[in-house]
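A structural walkthrough
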Amino acid sequence: MPVKLKVNNQEIEVVPGTLLIEAVKQVGVDVPHFCYSPKLKPDANCRMCLVEIEKMPKLQTSCSTQAAEGMVVLTDSPRVKEAQFSVMEFLLGNHPLDCPECDQGGECQLQDFAHKHSPTTSRFTEKKRTFEKEFFGPLIEKEMNRCVACMRCVRYCDEVMDVNALGAVDRGNVVQIGGFAHHDLDCEFCGGCIQICPVGALTSRLSMYTYRPWQVKKTETICNYCSDGCQLTLETIDDQVVRVSSAMGTGRNNGDLCARGYFGYGYVNHKERMSRPIVRQKNRAMEVTWEIAVEKAVSGLSAVRAQYGPQAIGGIISSHCTNEELYLFQKLMRQVIGTPHVDSSARYGYINAVRVMQEIFGTTRLIRYEEILQSDLIFSFSSEMAETHPITALKVKEAVKKNGAQLITVGAYNQQGDLYRSHLPKLAHPHLQVQPGTDGVAILGLMKAVVESSLQTTGRGAYFDRMKGHLLEIPFERIVAITGVPESLYREVAIRYAGAKRGILIFGRAILRGEEGYKNVRNLCNLAILAGQVMKPGAGILALAEEANELGAIEMGAVPEYLPGLMPAIPGGKTLVEMLDAAERGEIKALYVVGENPLRSLPQKQVSEAIKNLDILICQDLFHTETASMAHIILPAASFVEKEGRFTNHEGEVQRVRRAMDPLGNAKPDWEIFSMIANQMISRNSLAIAPFHYKSASEVWREVSLTMPSGWPKFSSNTMASQMAAYCECPPSTNTLHDPIVTLGRFHLQIGQTLFHSGKMSTYADGLQTLCPDDFLLIHPEDAEELKLAEGEKVTITSDVGSTVLPVKFSPKMARRTLFSSEHFGLMAKRLLPFSVDPVTQVPYGDRGFVILSRVETPVAEVAIYV
Amino acid sequence: MPVYEKILFKNMEQAGYTGTLDDYRTTGGYTALQKVLKLTPAEVIEIVKKSGLRGRGGAGFPTGMKWSFIPKIPGPKYLCCNADESEPGTFKDRQLIENDPHQMIEGIAIACYAIGAATAYIYIRGEFSLGAKILQKALSEAVAAGLIGKNIMGSDFNLNVTVHRGAGAYICGEETALLESIEGKRGKPRTKPPFPAVHGLYQKPTVINNVETLSNLPHIINRGEEWFASIGTPKSTGTRIFSVSGHVKRPGNYEVPMGISLREMIYEHAGGIRGDKQLKAIIPGGASASFLTPEFLDTGLDFESIAKVHSMLGSGGVTVMDEETCMVWAALSLLEFFEHESCGKCTPCREGSTWIVKILRRIEQGKGQLSDLDLLQSVCKRIEGNTVCAFGDAEIAPVISTLHHFREEYEAHIQGAGCPYQPNASLVMAH
């Protein structure tokens, strides 16, 4: 039943519960306000939004008053205007007149309202209150003299981010924003406080004094770090990105960003960006023109093709490329060069999810963020989500904190998190803390608990019985012994998951890139089917992809097993690791590597041997990577800021990437480079293929659209039903139960991504570099105490293959006897760990293993790899 | 001097009464609770409604009605006893807590039974460390005797009472700031609605009652609502404890029926003005109440009569000022208190209080201008009614009322370039 009310003598109807400040927008009234934000609970502290309501003696704050039947509201009566004048007079009294040097000038609410709701003279003749200058760290500029104490930043940090790094310090007229209890600001640096500040109290130091809001060109695009798919507004002046923002209400992220999104744009203008093609001959690198570089590349590829056949050529591309580029790359490799060997960075893990979900459900598009918000139970197998996918984690936090959803997390972390960092297990009831690397066994335990409860869903008879039969053979004692989670917890959680109305299962890197990833994903899908949490509205599974466009890479056919549109490629080509193995054996003689750096990501020694065997290595990248340094031809690529295209995020949302500025120097968008190479290949080898005559990324996209199956990117739940029925006919996969590894005296080491970085690219961003300038090793404070380690002290970790030195950081989220190392800089820790490949999907695994930790007594060389 | 029967002070004024459970029981303690347990909660609420008992914390809201707002739904409900007595010039709750804690605890139990609460918090002013100790000890006695805890007196009524000490902010006496503080948050008032009766402590239905209000309950139950309603005036029933301070001969707490005149209170009970000087001004109900002049001496000390002369009975703190007291100084000293205690949440109070202090200070120092008086008036008007809580209206009362009654004194400061009075150290604001 809508509520009818009268605003400024006009009748309006709104849904019950609508706040007046929103309701009056219907009659075109924008009530001035500072503290109100649709993202936050009303606080009604600024008193700017007072309105007059008939029969109420006092003016009421429209930000906290709900519209009610028969209400008569005036937003512009003399009383209201007087109240607005009053608040403005109070706020401006102590406000400094520093607009000319304030970065907020030109987009400041106080400035705007001062024009509208304030006289031109002030009655305040007293000395203004001033605060002593305090620094809020390297990235956030705090100027408390400008603060209007609306507390939006503090409330955002608590209500939205669940970080609570900000608080109000002191009271009354000297109340100010500070780190809670006067500590240095050490938070997630999401930039949310800056974005939500209505005045110039909090601004970005990265862009301090570099722009005026009216000077910048604004370009709407999509962040290219992780696959959350956040909307970014790039603010550029000429060829410089000066600031990034995201307006509330826009994008999949609803204007929320993380440190990478908000402070991570610096790599675009980094001085080490390559701007001219380079050709290396006899160990001499020379900058050349595009004509020469392309000629060299094509002649090299043609020679290999002529001598060894097209199958001797392979291509590897990064999932940071656009859909158009990924499509063109596989077309170049498959159609023009004629090789099936094309792969992308989706191979590092996400392919496990797509392969399984495609097989079982016929789609990966099961869950959108809206459904997370509406779910009543979220089952997260990605306890590190707040770091790897901060915005998806925000949706989970919102579902839990605002909408009352239950959250269950599974992972090796402790439930306790770091101060001033959000940590999903903190919000979970319960958190199933498993022994590191035993997530797969925990999944079996949950499946077993579901089938053994009487809650199983109906209509899956044979499949269910078969699964049950299989699971009954696994004794619970084994599962409990391996994972360390008590049986009662498995049973409780299973019943709650199966009983949820809209249960959502989310998993990420811990599953996808852990050993047996493919099997574990299958079992997660089995778990969801058994619990009845698929094929019903709002329930489903979400796999978190690591890079911005991994789903796009697979859907565009930049993997050997799929053609564009996920049509099976027959015969399939070699995967990334297989290509390098083949190169080592001398079967692959040419590699075209785009935006990838296998020398970093895979065992260095083998890759380096493989590359040395190549006749020709072409590298196309933004930076001179380790792999590029071994290349014969290096082609400078444009960054995502400098090109058009589309990314597909892990929800399956296809979104536009837009060009904000010209490519740096002579760099070119990848799709243009592919076209140049394709056309030369075609003419030189007289191939009977239509040349790549694309004038724009949009033209490529038109061709992609025709290639994709009808209805894409939407999917039909009918197809899904039949597909799932077919899956349930085939026998379930099994997991082997390994006995727990004796860890006496050893630490389990996990390598992974951290909040402030994404792969290597972010290490070129000055903002993020300030926050996290080097790799580190996380350790539980009590372990550190036992070893008498001080924070920041360097330690040696040693495995069967070698040792390396890293500084330690304490974190209560680490389980005892476990370590975590970031993977963004030297990657030396990773080299210590065992490397294996998934038998089905060829996903390379090498993120975890056991090491011995010792204090560095004498300085040793940074790395010593035992051969 | 008229002598009245005391209700709340009766026990403690007996020789040898120490406020222990045994002492309290010899005076009939906890028999009211026993009676209440045989009634239905609705009957208890009805008795309190009929007694006409009104809140003794400041606003004077009818207690029975406040209770009846608690939704009759399952789920936790809370009672918070507001023992954060911080209003300058008010010191009555302290005496009740320190000298007869069981009277108040029994009142808490009765109130909890009536509203269906199984948990009560006593939010006690941080500085009252002695009171907190005494309460804690009294609670232990009550728990040991089965008067608080599970199955009280064999009934199925359970009650857990916790003493929660404040940390020194005046604003935490405001009921919603008090709730925030108990929840472990910064003491800031909440926006109302929603009211605590629906969304109170931990968002659950909550009643907040003052110490004196609760202490009256055992007597109302024992002696009947009609007896209570017969004391005082028809709309302000019962006795009231007035804390008299300032330039009187006998400052202290006086329990009298509501409605006796200011004159009787000052000249009879408190013994008149010290040094037999002339009376100049009275604050009748705590620092938040408007100043009154001697012409109002015959006003009754009840809610209605004091409201009629544009002040308020408030917390019952009567501050008396003699002819040598500078009114600008008095307003300034109160506003300095309010400025210091403004929580800073909402703009008009946060910015306005400092601005007023700056103007008053200028005037007091002889640096004011006549236009400042209109500015003061205007700034006060811009605060009035526009703030989150009642603090805004409270802090302007001393300014508006002194400007109204003593404008010529302000003008004298401005025209004579300074304060015409000797520095006044003799005004003791009992606080």
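Criteria and cut-off values
Every chain is numbered independently, its residues counted from 1 as its sequence is written. Think of it this way: whatever chain is written first is A, whatever ligand is written first is 1, and the rest follow in order. Whole-chain, interface and lining totals are the exception, using all residues; otherwise, since this is a predicted model, local features are given only for residues with pLDDT of at least 70 and side-chain atom pairs are given and counted only at 80 or more. Strands here are runs of E lasting at least two residues and helices are runs of H or I lasting at least four, both read from the DSSP assignment and numbered beginning at the N terminus. Values of the radius of gyration come from C-alpha atoms, whereas the globule rule sets the reference at 2.2 Å times the count of residues to the power 0.38. Burial is judged by counting other C-beta atoms within 10 Å of a residue's own C-beta: 20 or more means buried, 12 or fewer means exposed, and anything between counts as partly exposed, with every C-beta placed from the backbone. Two residues qualify as being in contact provided that their C-beta atoms, derived from the backbone, are within 7 Å of each other. Note: domain ranges come from an automatic or database domain assignment. Residue classes follow a fixed rule: Ala, Val, Leu, Ile, Met, Phe, Trp, Tyr, Cys and Pro count as nonpolar, while Asp, Glu, Lys and Arg count as charged, and any other residue, Gly among them, counts as polar. Here the rule is simple: two strands pair whenever DSSP picks up at least two bridges between them. To get an axis, a line is fitted to the C-alpha atoms, and for a helix only the part in contact is used. The angle between two axes follows their N-to-C directions and goes from 0 to 180 degrees. By definition here, a helix of n residues has an expected span of 1.5 Å times n minus one. Directions from the helix axis toward the C-beta atoms define the arc. Between 65 and 115 degrees an angle is taken as roughly perpendicular, under 35 as roughly parallel, over 145 as roughly antiparallel, and anywhere else as oblique. Crossings are sorted by hand: turned counterclockwise from the far helix by less than a right angle, the near helix makes the crossing left-handed, and turned clockwise it makes it right-handed.

Looking at the overall build of chain B
Assigned secondary structure in chain B consists of 17 helices and 8 strands. What you see for chain B is a C-alpha radius of gyration of 22 Å, in line with the 22 Å of a compact globule of 431 residues. Along the three orthogonal principal directions, the C-alpha set of chain B runs to about 75 × 45 × 35 Å. Here chain B holds 431 residues, and 57% of them are scored as buried. Taking the intrachain contacts of chain B between residues at least 6 apart in sequence as the baseline, contacts between residues at least 24 apart amount to 73%.

Some words on the overall build of chain A
Within chain A, the secondary structure is distributed over 29 helices and 37 strands. Taken against the 2.2 N^0.38 rule, which gives 29 Å for 867 residues, the C-alpha radius of gyration of chain A at 29 Å falls within 12% of a compact globule. With the C-alpha coordinates of chain A rotated into their principal frame, the extents come out at 90 × 70 × 65 Å. Counting every position in chain A, which comprises 867 residues, the buried fraction comes to 56%.

Points about the domain arrangement of chain A
Residue and element names in this part refer to chain A. The assigned domain composition of chain A is domain 1 (3–76), domain 2 (130–269), domain 3 (278–349 + 557–707), domain 4 (351–543) and domain 5 (747–865). Put simply, the middle of domain 3 and the middle of domain 5, counted by C-alpha atoms, are 31 Å apart. Residue-level contacts link 12 residues of domain 3 with 9 residues of domain 5. Class assignment for the residues of the side of domain 3 that touches domain 5 results in 5 nonpolar, 4 polar and 3 charged.

Points about the sheet that holds strand β10 (residues 217–222) of chain A
All names here are of chain A. In spatial order, the strands read β10-β11-β12; together these 3 strands make up an open sheet with antiparallel pairing. Looking along the sheet, the strands with just one partner apiece sit at the ends: β10 and β12 (240–245). Averaged over all pairs of adjacent strands, the angle between strand axes in this sheet comes to 30°, irrespective of strand direction. Strand direction decides the pairing type here: β10 and strand β11 (residues 231–237), joined by 6 bridges, are antiparallel. Bridge pairing in β11 links Lys217 to Thr236.

Remarks on the domain arrangement of chain B
All names here are of chain B. Splitting chain B by domain gives domain 1 (21–229), domain 2 (240–322) and domain 3 (327–415). If you average the C-alpha positions of domain 2 and of domain 3, the two centres end up 22 Å apart. Facing the 8 residues of domain 2 at the interface are 11 residues of domain 3. The class makeup of the residues in the side of domain 2 that touches domain 3 is 5 nonpolar, 3 polar and no charged.

Structural notes on the sheet that holds strand β2 (residues 10–14) of chain A
All names here are of chain A. An order of β2-β1-β5-β3-β4 is seen for the 5 strands of this open sheet, with the pairing classed as mixed. On the outer flanks of this sheet lie β2 and β4 (60–61), each paired with one strand and no other. On top of the sheet, helix α2 (residues 78–94) reaches β3 (50–53) and β5 (72–74); it is set at about 160° to β3, its chief contact.

Quick look at unusual backbone geometry
Of note, the amide linkage connecting Trp712 of chain A to Pro713 of chain A takes the cis form, showing an omega dihedral of 10°. In this chain, Lys192 of chain B is followed by Pro193 of chain B through a cis amide linkage whose omega measures -5°. Structurally, Pro193 of chain B can be placed in the loop between α8 (175–182) and β4 (206–210). You will see that Arg47 of chain A, though not glycine, has its phi angle at about 65°, which is positive. Of note, Arg47 of chain A is situated in the loop between α1 (20–23) and β3. Looking at Arg47 of chain A, the number of C-beta atoms within 10 Å reads 29, which means it is buried.

Some details on the interface of chain B and chain A
Contact residues are listed per partner, giving 23 residues for chain B and 27 residues for chain A. Among the elements of the structure, α13 (327–341), α14 (347–364) and α15 (371–383) of chain B are those that each provide at least two residues to the side of chain B that touches chain A. No other element matches α14 of chain B, which puts 9 residues into the side of chain B that touches chain A. For the side of chain B that touches chain A, the per-class residue count stands at 6 nonpolar, 10 polar and 7 charged.

Quick notes on the pairing of strand β1 (residues 3–7) of chain A
All names here are of chain A. In terms of strand pairing, β1 meets β2 through 5 bridges, oriented antiparallel. Considered in β2, the bridge of Lys4 is made with Glu13. Taken together, β1 and the strand that follows it, β2, pair antiparallel across an intervening segment of 2 residues, in which Asn8 is found at a positive phi of about 45°. Bridge count between β1 and β5: 2 bridges; the pairing is parallel. Each bridged residue has a counterpart across the sheet, and for Val7 the counterpart in β5 is Val73.

Examining the pairing of β3 of chain A
All names here are of chain A. Looking at chain direction, β3 and β4 are connected through 2 bridges and run antiparallel. Residue pairing across strands places Val51 opposite Gln60, the latter belonging to β4. Hairpin remark: β3 followed by β4, antiparallel, with 6 residues in the connecting loop; positive phi at Lys55, about 75°. Taken together, the 2 bridges between β3 and β5 define a ladder with antiparallel strand orientation.

Let's talk about helix α17 (residues 487–499) of chain A
Residue and element names in this part refer to chain A. In this model α17 runs 18 Å from its N-terminal to its C-terminal C-alpha over 13 residues, within 8% of the 18 Å that 1.5 Å per residue would give. Of all the positions in α17, only Leu489, Tyr490, Val493, Ala494, Tyr497 and Ala498 are classed as buried. Here the buried residues of α17 occupy an arc of 145° about the axis, which is enough to place them on one side. Next to the buried residues of α17 lie β17 (377–380), β18 (406–411), β19 (431–433), α14 (439–452) and β20 (503–507).

Section: the environment of Glu5 of chain B
With respect to the element layout, Glu5 of chain B can be found in the segment before α1 (21–26). Taking the C-alpha atoms as reference points, Glu5 of chain B and Pro257 of chain B, separated by 252 residues in sequence, lie 8.5 Å from one another.

Overview of the packing of α14 of chain B against helix α16 (residues 391–405) of chain B
All names here are of chain B. Orientation of α14 relative to α16, taken along the N-to-C sense of each, is 15°, at an axis distance of 10 Å. Classified by the angle their axes make, α14 and α16 are roughly parallel. Remark: the crossing between α14 and α16 carries left-handed chirality. Judged by residue contacts, Pro348, Cys349, Ser353 and Ile356 of α14 engage Phe391, Gly392, Glu395 and Val399 from α16. For the contact of α14 with α16, the per-class residue count stands at 5 nonpolar, 2 polar and 1 charged.

Remarks on helix α19 (residues 517–530) of chain A
All names here are of chain A. The end-to-end C-alpha distance of α19, which contains 14 residues, comes to 20 Å, matching closely the 20 Å that a straight helix rising 1.5 Å per residue would cover. Counted residue by residue, α19 has 14 buried out of 14 residues, so it is predominantly covered. Of the residues one or two after α19, Gly532 is the one with positive phi, at around 70°.

A short note on the packing of α15 of chain B against α16 of chain B
Residues and elements named next belong to chain B. Across the interface, α15 lies against α16 with an axial gap of 9 Å and an inter-helix angle of 155°. It follows that α15 is roughly antiparallel to α16 by the angle criterion. α16 is crossed by α15, and the crossing has left-handed handedness. Of the residues in α16, those in contact with Leu373, Leu376, Gln377, Cys380 and Ile383 of α15 are Gly392, Ile396, Val399, Ile400 and Leu403.

Brief notes about the environment of Ile541 of chain A
Residue and element names in this part refer to chain A. Following the sequence through the fold, Ile541 ends up in strand β21 (residues 540–543). Classification of Ile541 by C-beta neighbours within 10 Å gives buried; the count is 26. C-alpha of Ile541 to C-alpha of Leu366: the two residues are 175 residues apart in sequence and 6.0 Å apart in space.

Regarding the environment of Ile682 of chain A
Residue and element names in this part refer to chain A. Among the secondary structure elements, Ile682 is positioned in helix α24 (residues 670–684). A sequence separation of 345 residues divides Ile682 from Ile337, and the C-alpha atoms of the two residues are 8.7 Å apart. With sequence-adjacent residues up to four places away left out, Ile682 is seen in contact with Val336, Leu687, Ile689 and Pro691.

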